[in-house]
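Summary of structural features
Take a look at the letters that make up each chain.
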Amino acid sequence: RRRERGQAPPPSPTRTSKRLRLSSEEALIARIDAARKRQENAHFHLLEMVSSKQRPLSLARLRAVLKDLSEDGTLDLNRVNYINSSTFLVDVCRSRHVVEGVILKCMKDLVSRGAEVNKTGGDEGMSPLAVCSARGMAQCVKYLLACGANPGLASRGRFRLWGSRATMAGVKTPLEWVQAMLLAEEAAGVEQEHLRSLKQCGRLLEAGGLLAELRGISRGRAGQADRGESVTGSQAAAEPEGE
């Protein structure tokens, strides 16, 4: 009758195979798995950039890699990558074939998105500050310290000496890495001109460590003062009034 009156027939109900229907739990698992795969894919592309000479790291390329993750709200910059037990921020600090300024811009972008400056890849994993310190990137060290990076956090790693295939390995704090690298570089005959950035990192870390120590002392004294006030108050409440 609808066709006789010139009306379109009602749409037929869409049929879905029972095999294709997902329960709410299965759908959630599928979304989580898809987000994990996107995260791992983004980290894989980042690892390619930080070691590539033809297509090295840049701020534009980093943002392009993170774009898909950012749009659906599943971005987790602090998740440790299973490939090399590292985070986005640490891998950016490891970038090769780029100047320090590019690394600093990318670091700032990641931190603005929520990357934690003290996040490591597990126990004794490398921290961003340790990587930048051992590599002599003073601008990056200064920025990380300003963001609250812990100069006393020990990290396990291996770094190549300047102009040599020899490496330095161990578990050290950022300042200890700088001191060990300086000794090794000087023993290898590296010119002082190439050691300036390492020495500058050392001075920054010494100042940062002193500042952290002073903050710790200040917080300790504040805590003692608070506890003293509370004890005094409780004692006053417990003591009977004078006759």
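Just above sits the structure.
Keep in mind that what you see is a predicted model, and the values were worked out from it rather than measured. Numbering of residues starts from 1 in every chain and runs along the sequence as written. Whole-chain, interface and lining totals are the exception, using all residues; otherwise, since this is a predicted model, local features are given only for residues with pLDDT of at least 70 and side-chain atom pairs are given and counted only at 80 or more. Hydrogens and water are ignored here; the side-chain numbers use all heavy atoms of the structure.

1. Observations regarding unusual backbone geometry
The criterion, for reference: A run of DSSP states H or I qualifies as a helix once it reaches four residues; a run of E qualifies as a strand once it reaches two. Both are numbered from the N-terminal end.
Positive phi outside glycine occurs at S85, with the angle close to 50 degrees. Mapped onto the elements, S85 comes out in the loop between α2 (59-71) and α3 (88-93).

2. Some remarks on the pattern of salt bridges
Under the convention used in this document: We define a salt bridge as a side-chain nitrogen of Lys or Arg found within 4 Å of a carboxyl oxygen belonging to Asp or Glu. Three labels apply to residues, based on accessible area from a 1.4 Å probe with only protein chains included: buried if under 20% of the type maximum, exposed if over 50%, partly exposed otherwise in between.
Throughout the structure, instances matching the rule amount to three salt bridges. Taking the shortest distance from any N to any O, the salt bridge between R63 and D109 comes out at 3.2 Å. Pair noted here: R63 is in helix α2 and D109 is in helix α4 (residues 100-112), with a separation of 46 residues, a long-range link. Residue class for R63 comes out partly exposed when judged on its relative accessible area of 42%. For R113, the salt bridge is made with D109, and the minimal N-O distance between the two is 2.8 Å.

3. A look at the nonpolar core
As a reminder of what qualifies: In plain words, nonpolar cores are sets of buried Ala, Val, Leu, Ile, Met, Phe, Trp, Tyr and Cys residues tied together by side-chain atoms within 4.5 Å. Here, two residues are considered to be in contact whenever any of their heavy atoms come within 4.5 Å of each other.
One finds L46, V92, M107, L110 and C132 to be the most contacted residues of the largest nonpolar core, which totals 50 residues. Looking at this core, the elements with two or more residues in it are α1 (24-51), α2, α3, α4, α5 (128-134), α6 (138-146), α7 (174-187) and α8 (196-238). Not counting the four nearest positions on each side in its chain, L110 is found in contact with L62, L66, L77, F88, L89, V92 and A115.

4. Some thoughts on α6
Within α6, the full set of buried residues consists of A138, C140, V141, Y143, L144 and L145. Downstream of α6 by a residue or two, G148 has a phi angle that is positive, lying close to 100 degrees.

5. Quick notes on the pairing of strand β2 (residues 167-172)
Stated precisely, the cut-off is as follows: At least two bridges found by DSSP between two strands is the condition for calling them paired.
When strand β1 (residues 155-160) meets β2, the two strands line up antiparallel, connected through six bridges. Bridging across to β2, F159 finds its partner in M168. Connecting β1 to the antiparallel partner β2 that follows it, the hairpin turn spans six residues, and G163 within it adopts a positive phi of roughly 60 degrees.

6. Overview of the state of the cysteines
Heads up, the condition is: Cysteine sulfur atoms that pair up within 2.5 Å are treated as a disulfide.
Enumeration according to the criterion identifies zero disulfides in this entry. Here C140 is not cross-linked by a disulfide; its sulfur's nearest cysteine counterpart is in C132, at 4.5 Å. Looking at C201, it has no disulfide partner, and the nearest cysteine sulfur is the one in C132, 8.1 Å off.

7. Here's the deal with the environment of N150
Within the secondary structure, N150 sits in the loop between α6 and β1. The partly exposed category is assigned to N150, whose relative accessible area is 36%. Residues N150 and G208, 58 residues apart in the sequence, show an inter-C-alpha distance of 8.5 Å. Apart from residues no more than four positions distant in its own chain, N150 is found in contact with N118 and L129.

8. Some thoughts on the packing of α4 against α6
Between two packed helices, both the angle of their axes relative to each other and the distance between the axes serve to describe the pair. Stated formally: Interaxial angles span 0 to 180 degrees and are taken between N-to-C directions of axes, which are lines fitted to C-alpha atoms, for helices over the stretch in contact. Throughout, the term roughly parallel applies to angles under 35 degrees, roughly antiparallel to angles over 145, roughly perpendicular to angles from 65 to 115, and oblique to all others. Helix crossings are classified by the rotation of the near helix relative to the far one: an anticlockwise turn of less than a right angle makes the crossing left-handed, while a clockwise turn makes it right-handed.
Where α4 contacts α6, the two axes come as close as 9 Å, and the packing angle between them is 20 degrees. In terms of their interaxial angle, α4 and α6 are classed as roughly parallel. Every pair of crossing elements has a handedness; the one defined by α4 and α6 is right-handed. Contacts from E100, I103, L104, M107, K108 and V111 of α4 reach α6 at A138, Q139, C140, Y143 and L144.

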